[in-house]
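# Topology and contacts: notes
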Amino acid sequence: DTGVSQDPRHKITKRGQNVTFRCDPISEHNRLYWYRQTLGQGPEFLTYFQNEAQLEKSRLLSDRFSAERPKGSFSTLEIQRTEQGDSAMYLCASSSNTGQGVYEQFFGPGTRLTVL
Amino acid sequence: SQKIEQNSEALNIQEGKTATLTCNYTNYSPAYLQWYRQDPGRGPVFLLLIRENEKEKRKERLKVTFDTTLKQSLFHITASQPADSATYLCALDDGRSGTYKYIFGTGTRLKVLA
(Lines give C-alpha, C1' and ligand atoms only; values in the text may rest on other atoms or scores of the structure.)
Protein backbone atom coordinates (compact mmCIF):
# COMPACT_ATOMS: atom_id res chain seq x y z
CA ASP A 1 0.00 0.00 0.00
CA THR A 2 1.62 3.19 -1.17
CA GLY A 3 -0.65 5.71 0.49
CA VAL A 4 -3.96 7.47 0.13
CA SER A 5 -5.30 7.61 -3.41
CA GLN A 6 -8.02 9.80 -4.87
CA ASP A 7 -9.90 9.57 -8.11
CA PRO A 8 -10.28 11.47 -10.33
CA ARG A 9 -7.39 13.88 -9.98
CA HIS A 10 -9.18 16.53 -12.00
CA LYS A 11 -12.85 17.09 -12.74
CA ILE A 12 -14.40 19.80 -14.88
CA THR A 13 -18.16 20.02 -14.80
CA LYS A 14 -20.93 22.39 -15.68
CA ARG A 15 -22.95 24.17 -13.05
CA GLY A 16 -25.90 22.10 -11.93
CA GLN A 17 -24.29 18.73 -12.60
CA ASN A 18 -23.59 16.13 -9.90
CA VAL A 19 -20.06 14.90 -9.24
CA THR A 20 -18.67 12.06 -7.15
CA PHE A 21 -15.13 11.65 -5.88
CA ARG A 22 -13.54 8.55 -4.46
CA CYS A 23 -10.89 8.14 -1.79
CA ASP A 24 -9.00 4.96 -0.93
CA PRO A 25 -7.29 5.34 2.44
CA ILE A 26 -4.29 3.45 3.76
CA SER A 27 -5.75 0.01 4.39
CA GLU A 28 -5.20 -0.26 8.15
CA HIS A 29 -6.43 3.28 8.90
CA ASN A 30 -9.83 3.49 10.53
CA ARG A 31 -10.31 7.26 10.33
CA LEU A 32 -10.97 9.05 7.07
CA TYR A 33 -11.32 12.79 6.54
CA TRP A 34 -12.53 15.04 3.74
CA TYR A 35 -11.32 18.61 3.38
CA ARG A 36 -11.80 21.38 0.85
CA GLN A 37 -9.00 23.77 -0.02
CA THR A 38 -9.12 26.95 -2.09
CA LEU A 39 -6.15 28.95 -3.32
CA GLY A 40 -4.21 30.62 -0.54
CA GLN A 41 -6.18 28.93 2.21
CA GLY A 42 -5.56 25.96 4.45
CA PRO A 43 -7.62 22.79 4.21
CA GLU A 44 -11.15 23.33 5.51
CA PHE A 45 -12.71 20.43 7.42
CA LEU A 46 -15.80 18.91 5.80
CA THR A 47 -16.43 15.59 7.53
CA TYR A 48 -14.79 12.54 9.03
CA PHE A 49 -15.50 8.85 9.53
CA GLN A 50 -14.36 6.32 12.05
CA ASN A 51 -14.73 3.02 10.28
CA GLU A 52 -18.10 3.29 8.52
CA ALA A 53 -19.63 5.78 10.97
CA GLN A 54 -19.73 9.43 9.95
CA LEU A 55 -18.94 11.12 13.26
CA GLU A 56 -18.94 14.79 12.39
CA LYS A 57 -19.95 17.10 9.56
CA SER A 58 -19.02 20.72 9.18
CA ARG A 59 -21.84 23.23 9.41
CA LEU A 60 -20.41 24.55 6.16
CA LEU A 61 -21.40 21.32 4.44
CA SER A 62 -24.68 22.08 2.75
CA ASP A 63 -27.26 19.42 2.03
CA ARG A 64 -25.88 19.25 -1.52
CA PHE A 65 -22.85 17.43 -0.11
CA SER A 66 -22.97 13.84 1.05
CA ALA A 67 -20.24 11.42 2.00
CA GLU A 68 -20.27 7.70 2.58
CA ARG A 69 -17.82 5.08 3.69
CA PRO A 70 -19.48 1.71 3.19
CA LYS A 71 -17.79 -1.17 5.01
CA GLY A 72 -15.27 1.24 6.49
CA SER A 73 -12.93 1.08 3.52
CA PHE A 74 -13.05 3.55 0.61
CA SER A 75 -15.15 6.70 0.79
CA THR A 76 -17.10 8.75 -1.71
CA LEU A 77 -17.97 12.43 -1.62
CA GLU A 78 -20.86 13.53 -3.79
CA ILE A 79 -21.78 17.09 -4.64
CA GLN A 80 -25.20 17.58 -6.15
CA ARG A 81 -26.24 20.54 -8.29
CA THR A 82 -22.72 21.96 -8.36
CA GLU A 83 -22.18 25.70 -8.11
CA GLN A 84 -19.19 27.76 -9.20
CA GLY A 85 -18.35 28.32 -5.55
CA ASP A 86 -17.72 24.58 -5.21
CA SER A 87 -14.59 24.91 -7.35
CA ALA A 88 -11.72 23.85 -5.10
CA MET A 89 -9.29 21.07 -4.30
CA TYR A 90 -10.97 18.27 -2.38
CA LEU A 91 -8.53 16.45 -0.14
CA CYS A 92 -8.93 13.12 1.58
CA ALA A 93 -6.81 12.02 4.53
CA SER A 94 -6.64 8.95 6.71
CA SER A 95 -5.17 8.19 10.10
CA SER A 96 -5.04 5.30 12.51
CA ASN A 97 -6.15 5.05 16.11
CA THR A 98 -3.98 2.64 18.02
CA GLY A 99 -5.26 3.82 21.38
CA GLN A 100 -1.90 5.38 22.16
CA GLY A 101 -2.87 8.87 21.24
CA VAL A 102 -3.35 10.98 18.19
CA TYR A 103 -1.59 10.17 14.96
CA GLU A 104 -0.88 12.26 11.96
CA GLN A 105 -3.06 12.40 8.92
CA PHE A 106 -1.86 11.05 5.61
CA PHE A 107 -3.25 13.05 2.73
CA GLY A 108 -4.06 12.00 -0.79
CA PRO A 109 -3.10 14.07 -3.84
CA GLY A 110 -6.55 15.67 -4.00
CA THR A 111 -9.23 16.07 -6.65
CA ARG A 112 -9.27 19.46 -8.36
CA LEU A 113 -12.87 20.41 -9.18
CA THR A 114 -13.66 23.19 -11.64
CA VAL A 115 -17.29 24.19 -12.07
CA LEU A 116 -17.96 26.19 -15.22
CA SER B 1 -14.54 33.91 17.49
CA GLN B 2 -12.18 31.01 16.96
CA LYS B 3 -9.30 31.48 14.57
CA ILE B 4 -5.82 30.26 13.69
CA GLU B 5 -3.38 32.78 12.27
CA GLN B 6 -0.18 32.20 10.39
CA ASN B 7 2.04 34.77 8.66
CA SER B 8 -0.07 35.63 5.66
CA GLU B 9 2.84 37.06 3.70
CA ALA B 10 5.52 34.89 2.17
CA LEU B 11 8.74 34.51 4.11
CA ASN B 12 11.96 34.79 2.10
CA ILE B 13 15.25 33.79 3.71
CA GLN B 14 18.78 33.06 2.59
CA GLU B 15 20.02 29.50 2.36
CA GLY B 16 21.70 28.37 5.56
CA LYS B 17 19.69 30.68 7.82
CA THR B 18 17.02 29.59 10.30
CA ALA B 19 13.42 30.07 9.22
CA THR B 20 10.89 30.74 11.99
CA LEU B 21 7.18 30.45 11.30
CA THR B 22 4.44 31.32 13.76
CA CYS B 23 1.02 29.89 14.45
CA ASN B 24 -1.28 31.80 16.81
CA TYR B 25 -4.71 30.64 17.83
CA THR B 26 -7.65 32.22 19.58
CA ASN B 27 -10.47 30.63 21.57
CA TYR B 28 -9.21 27.08 21.18
CA SER B 29 -7.80 24.81 23.87
CA PRO B 30 -6.02 22.19 21.79
CA ALA B 31 -4.54 19.06 23.26
CA TYR B 32 -1.96 18.97 20.47
CA LEU B 33 -0.73 20.87 17.47
CA GLN B 34 0.66 19.58 14.20
CA TRP B 35 2.76 21.05 11.42
CA TYR B 36 2.47 20.03 7.78
CA ARG B 37 4.33 20.88 4.60
CA GLN B 38 2.44 21.39 1.34
CA ASP B 39 3.95 21.71 -2.11
CA PRO B 40 1.94 23.24 -4.99
CA GLY B 41 -0.72 20.90 -6.34
CA ARG B 42 -0.11 18.26 -3.67
CA GLY B 43 -1.70 17.21 -0.42
CA PRO B 44 -0.10 18.24 2.90
CA VAL B 45 2.60 16.04 4.39
CA PHE B 46 2.88 15.59 8.16
CA LEU B 47 6.06 16.89 9.79
CA LEU B 48 5.72 17.10 13.57
CA LEU B 49 3.16 16.80 16.36
CA ILE B 50 3.52 18.43 19.77
CA ARG B 51 1.24 17.88 22.75
CA GLU B 52 0.00 20.51 25.18
CA ASN B 53 2.27 19.22 27.94
CA GLU B 54 5.37 19.38 25.73
CA LYS B 55 7.33 22.59 25.37
CA GLU B 56 9.55 21.59 22.47
CA LYS B 57 9.93 18.83 19.90
CA ARG B 58 12.75 18.24 17.44
CA LYS B 59 13.20 16.19 14.30
CA GLU B 60 16.41 16.54 12.33
CA ARG B 61 16.57 20.23 11.27
CA LEU B 62 13.04 20.95 12.50
CA LYS B 63 12.01 22.27 15.90
CA VAL B 64 8.55 23.07 17.18
CA THR B 65 7.61 24.89 20.37
CA PHE B 66 4.16 25.11 21.93
CA ASP B 67 3.20 27.78 24.45
CA THR B 68 -0.37 27.24 25.66
CA THR B 69 -0.23 30.44 27.72
CA LEU B 70 0.64 32.59 24.72
CA LYS B 71 -1.53 30.34 22.51
CA GLN B 72 1.30 30.12 20.05
CA SER B 73 3.48 27.58 18.28
CA LEU B 74 6.77 28.38 16.59
CA PHE B 75 8.20 26.22 13.82
CA HIS B 76 11.91 26.47 13.08
CA ILE B 77 13.92 25.10 10.17
CA THR B 78 17.65 25.37 10.80
CA ALA B 79 20.29 25.42 8.06
CA SER B 80 17.52 26.02 5.54
CA GLN B 81 17.86 24.78 1.97
CA PRO B 82 16.09 25.75 -1.27
CA ALA B 83 14.36 22.35 -1.11
CA ASP B 84 12.61 23.56 2.06
CA SER B 85 10.64 26.06 -0.04
CA ALA B 86 6.97 25.20 0.40
CA THR B 87 3.86 26.25 2.29
CA TYR B 88 3.80 25.24 5.95
CA LEU B 89 0.49 24.67 7.70
CA CYS B 90 -0.28 24.34 11.37
CA ALA B 91 -3.28 22.32 12.51
CA LEU B 92 -4.85 21.75 15.90
CA ASP B 93 -7.69 19.80 17.43
CA ASP B 94 -10.59 21.88 18.63
CA GLY B 95 -10.13 20.69 22.19
CA ARG B 96 -13.39 18.84 22.61
CA SER B 97 -13.06 15.49 24.33
CA GLY B 98 -13.54 12.54 22.04
CA THR B 99 -13.38 14.48 18.81
CA TYR B 100 -10.72 14.05 16.18
CA LYS B 101 -11.56 17.09 14.09
CA TYR B 102 -8.59 19.15 12.96
CA ILE B 103 -8.55 22.83 12.08
CA PHE B 104 -5.86 24.18 9.77
CA GLY B 105 -4.32 27.60 9.55
CA THR B 106 -4.01 29.41 6.23
CA GLY B 107 -0.34 28.48 5.91
CA THR B 108 2.87 30.43 5.43
CA ARG B 109 4.73 30.27 2.13
CA LEU B 110 8.46 29.91 2.69
CA LYS B 111 11.02 30.60 -0.01
CA VAL B 112 14.66 29.77 0.64
CA LEU B 113 16.97 31.69 -1.66
CA ALA B 114 20.18 30.08 -2.90
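See the structure printed just above.
Anyway, here's the lowdown on the structure attached to this text. Quantities reported herein were computed from a predicted structural model and do not represent experimental measurements. (Residues numbered from 1 in each chain as written. Chains lettered and ligands numbered in written order. Predicted model: local features only at pLDDT ≥ 70, side-chain atom pairs only at ≥ 80, totals over all residues. Heavy atoms only, no water.)

What follows covers the sheet that holds strand β7 (residues 65-68) of chain A. Residue and element names in this part refer to chain A. Spatial ordering of the open sheet is given by β1-β3-β8-β7, a layout of four strands whose pairing is antiparallel. Across the chains shown, the open sheet's two edge strands, defined by having one partner strand only, are β1 (5-7) and β7. Strand-to-strand twist of the sheet, defined as the mean angle between neighbouring strand axes without regard to direction, takes the value 15 degrees. Here β1 pairs with strand β3 (residues 19-24) via three bridges, running antiparallel. (Pairing = 2+ DSSP bridges. Helix = DSSP H or I, 4+ residues; strand = E, 2+ residues; numbered from the N terminus. Axes fitted to C-alpha atoms, helices over the stretch in contact; angles between N-to-C directions.)

Taken as a whole, this structure holds 10 salt bridges over all chains when the rule is applied. Across the pair A:Arg36 and A:Glu44 runs a salt bridge, and its minimum N-O distance is 3.4 Å. Of the residues examined, A:Arg36 reaches a relative accessible area of 14% and is grouped as buried. In this structure, B:Glu56 engages B:Arg58 in a salt bridge whose closest nitrogen and oxygen atoms are separated by 2.9 Å. Looking at B:Arg58, the relative accessible area reads 59%, which means it is exposed. (Salt bridge = Lys/Arg side-chain N within 4 Å of Asp/Glu carboxyl O. Buried < 20%, exposed > 50% of the residue type's maximum accessible area, 1.4 Å probe, protein only.)

Right, let's get into the pairing of β7(A). If a strand is regular, its side chains alternate between the two faces of the sheet. Residues and elements named next belong to chain A. With burial as the criterion, only one face of β7 is covered, namely that bearing Phe65 and Ala67; the residues Ser66 and Glu68 on the opposite face remain uncovered. The pairing of β7 with strand β8 (residues 75-79) spans four bridges and is classified as antiparallel. Residue pairing in the sheet places serine 66 in a bridge with glutamate 78 of β8. The antiparallel pairing of β7 with β8 creates a hairpin that spans six residues between the two strands, and lysine 71 there sits at a positive phi of about 65 degrees.

What follows is about the sheet that holds strand β6 (residues 56-59) of chain B. Residue and element names in this part refer to chain B. Overall, antiparallel pairing links the five strands, which are arranged β1-β3-β8-β7-β6 in an open sheet. Among the strands making up the open sheet, the edge pair consists of β1 (3-6) and β6. Taking each pair of neighbouring strands and ignoring which way they run, the sheet shows an average axis angle of 15 degrees. Bridging between strand β3 (residues 19-26) and strand β8 (residues 72-77) involves six bridges; their strand directions are antiparallel. Considered in β8, the bridge of leucine 21 is made with phenylalanine 75.

The next thing to look at is unusual backbone geometry. Cis geometry is adopted by the peptide bond preceding A:Pro8, which originates at A:Asp7 and carries an omega value of -5 degrees. Relative to the helices and strands, A:Pro8 is located in the loop between β1 and β2 (10-13). Not every positive phi belongs to a glycine, and B:Lys71 is a case in point at roughly 55 degrees. Mapped onto the elements, B:Lys71 comes out in the loop between β7 (62-67) and β8. Taking relative accessible area as the criterion, B:Lys71 reaches 29% and is therefore assigned partly exposed.

What follows is about the pairing of strand β5 (residues 45-51) of chain B. Residues and elements named next belong to chain B. Counting buried positions along β5 gives five out of seven residues, so the element sits mostly inside the fold. As judged from the six bridges shared by strand β4 (residues 32-38) and β5, these two strands associate in the antiparallel manner. Bridging from a neighbouring strand, tyrosine 32 pairs with arginine 51 of β5.

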